[in-house]
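If you want the building blocks of each chain, they are given just below.
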Amino acid sequence: MKRYSILENREIVLLKSRPCFWRKCTFCDYIMDNSTNVEEMNQINHKILKKVTGCKEALEVINSGSCFEMPKETLKAIKDVVTAKNIKKLYLESHWVYRHRLADIRSFFEIPIVFKIGVETFDYDFRNITLNKNAHFKHPSEVKEHFDSVCLLVGIQGQTKEMIRKDIELLLRYFEYGTINIFTENSTPVKRDEALIEWFLNEYQHLKDHPTIDMLVENTDFGVGD
Ligand code: SF4
């Protein structure tokens, strides 16, 4: 499993954390990288964090869940790296349910944080019924109140071109940052819609050059994971 990589504008680490509180999204099998052994998690995470050099002055931390599911010692270790390596911007992820706790994390780190949220789609029913995401907001402005960046999932059977067009439009209208993940099949029964993906990659290829939107055609495109 690759756990450290350098992107154009930031370093990125994939750390270990406790299992996601929810674990019920229909498309997700991230739990396979989670642990309940705090000591082991901290040990691995310290080792990965040692690789951070500060070369981009920005660091993204992902952990197969929300940042709140990392042990507190790991959060402290991230803060130590931020200080030691002169990191000026941090990217972290959180589920909608933790939205009222983001301010605590922002004040803990004392540097600007780009908080990412996996909304997957702004279509309420597809998000909460088909994908079972448990993120019950009605409008992107509610998300924008708390988060800086949204992650969209593209190419799942049942999605439509209209739904995806709307998602991209709302991402660009409301958010400075975004991540578009083309769905990669995994151990869940959720399937890709190859024709929809082909259409999307053709129609929205210009987004690959967008300075603050990441498009992941493979889920390992950030250079971490397996
Ligand atoms: S909230 Fe994230 S980590 Fe948790 S089950 Fe859903 S996709 Fe997986």
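Notes on the structure in this doc start here. (Residues numbered from 1 in each chain as written. Predicted model: local features only at pLDDT ≥ 70, side-chain atom pairs only at ≥ 80, totals over all residues. Heavy atoms only, no water.)

Right, let's talk about the packing of aromatic side chains for a bit. Under the defined criterion, the tally for this structure stands at 13 aromatic pairs. Aromatic pair W96 and F137: ring centres 5.2 Å apart, planes at 65 degrees, arrangement edge-to-face. With W96 in the loop between β4 (89–93) and α3 (102–109) and F137 in the loop between α4 (124–130) and α5 (140–144), this residue pair connects regions lying 41 residues apart in the sequence. By relative accessible area, which is 7% here, W96 ends up buried. Here the aromatic rings of F122 and F175 are separated by 6.3 Å at their centres, their planes lie at 15 degrees, and the arrangement is stacked. Here F122 is found in the loop between β5 (113–120) and α4, whereas its partner F175 is found in the loop between α6 (161–174) and β7 (177–182), with 53 residues between them in sequence. On the basis of relative accessibility, which here comes to 7%, the residue F175 falls in the buried class. Joined through ring pairs, the aromatic side chains of W96, F115, F122, F137, F147 and F175 make up one cluster. Against the face of Y91 rests R10, its NZ or CZ located 4.5 Å from the ring centre. (Phe/Tyr/Trp six-rings, centres within 6.5 Å; stacked < 30°, edge-to-face > 60°. Helix = DSSP H or I, 4+ residues; strand = E, 2+ residues; numbered from the N terminus. Buried < 20%, exposed > 50% of the residue type's maximum accessible area, 1.4 Å probe, protein only. Lys NZ or Arg CZ within 6 Å of the ring centre and 35° of its normal.)

The next thing to look at is the nonpolar core. Grouped together as the largest cluster of nonpolar side chains are 53 residues, with contacts concentrated most on I78, L90 and F200. Non-local contacts of I78, meaning those with residues more than four positions away in its chain, are made with L15, L49, V61, M70, L90 and F109. The next biggest cluster of nonpolar side chains, apart from the first, holds 11 residues, and it includes C20, F27, L153 and I156. (Core = buried A, V, L, I, M, F, W, Y, C linked by side-chain atoms within 4.5 Å. Contact = heavy atoms within 4.5 Å.)

Our focus in this paragraph is the pattern of salt bridges. Within this structure, the stated rule accounts for 14 salt bridges. D214 is the partner of R10 in a salt bridge, and the nearest nitrogen-oxygen pair spans 2.8 Å. Here D214 lies in strand β8 (residues 213–216) and R10 lies in the loop between β1 (4–6) and β2 (11–14), a separation of 204 residues in the sequence. Residues participating in the shared-partner salt-bridge network are R10, E60, K116 and D214. (Salt bridge = Lys/Arg side-chain N within 4 Å of Asp/Glu carboxyl O.)

The next thing to look at is the packing of α6 against helix α7 (residues 194–203). Running from N to C, α6 and α7 point in directions that differ by 35 degrees, and their axes come no closer than 11 Å. α7 is crossed by α6, and the crossing has right-handed handedness. Two secondary-structure elements touch here, α6 through K161, I164, R165 and I168 and α7 through L196, W199, F200 and E203. Tallied by class, the residues present in the contact of α6 with α7 amount to 5 nonpolar, no polar and 3 charged. (Axes fitted to C-alpha atoms, helices over the stretch in contact; angles between N-to-C directions. Left-handed = near helix turned anticlockwise from the far one by under 90°. Nonpolar A, V, L, I, M, F, W, Y, C, P; charged D, E, K, R; others polar.)

As a packed pair, helix α1 (residues 38–49) and helix α2 (residues 72–84) sit with axes 9 Å apart at the nearest point and diverge in direction by 15 degrees. In terms of their interaxial angle, α1 and α2 are classed as roughly parallel. As for the relative orientation of α1 and α2, their crossing is right-handed in sense. Listed contacts from α2 to V38, N42, N45, H46 and L49 of α1 are E73, T74, A77, I78 and V81. Looking at the contact of α1 with α2, its residues break down into 5 nonpolar, 4 polar and 1 charged. (Parallel < 35°, antiparallel > 145°, perpendicular 65-115°, else oblique.)

Right, let's get into α6. For α6, spanning 14 residues, the distance from its first C-alpha to its last is 20 Å, which sits close to the expected 20 Å at 1.5 Å a residue. What α6 keeps buried is the set M163, I164, D167, I168, L170, L171 and Y174. Across the axial projection of α6, the buried residues extend over an arc of 165 degrees, all falling on one side. Residues of α6 that are exposed and angled more than 90 degrees away from the buried face: E162 and R173. (Expected span 1.5 Å × (residues − 1). Arc of directions from axis to C-beta.)

It is worth spelling out the sheet that holds strand β3 (residues 58–62) at this point. With respect to topology, 8 strands assemble into an open sheet ordered β1-β2-β3-β4-β5-β6-β7-β8, the strand pairing being mixed. The open sheet has two edge strands, β1 and β8, and neither has a second partner. The sheet shows a mean angle of 20 degrees between the axes of neighbouring strands, direction not considered. Taken strand by strand, α6 contacts β5, β6 (149–154), β7 and β8, and its axis lies near 165 degrees from that of β6. (Pairing = 2+ DSSP bridges.)

We now examine α7. Listing the buried residues of α7 in full gives L196, I197, W199 and F200. Projected down its long axis, α7 carries its buried residues within an arc of 160 degrees, all on one side. Pointing more than 90 degrees away from the buried face of α7 are the exposed residues A195, E198 and N202. Each element contacted by the buried residues of α7 is listed here: β6, α6, β7 and β8. Capping the start of α7 is the job of one residue whose side-chain oxygen sits 3.3 Å from the backbone nitrogen of A195: D193. (Polar contact = N/O pair within 3.5 Å; in protein donor to acceptor, adjacent residues only side chain to side chain.)

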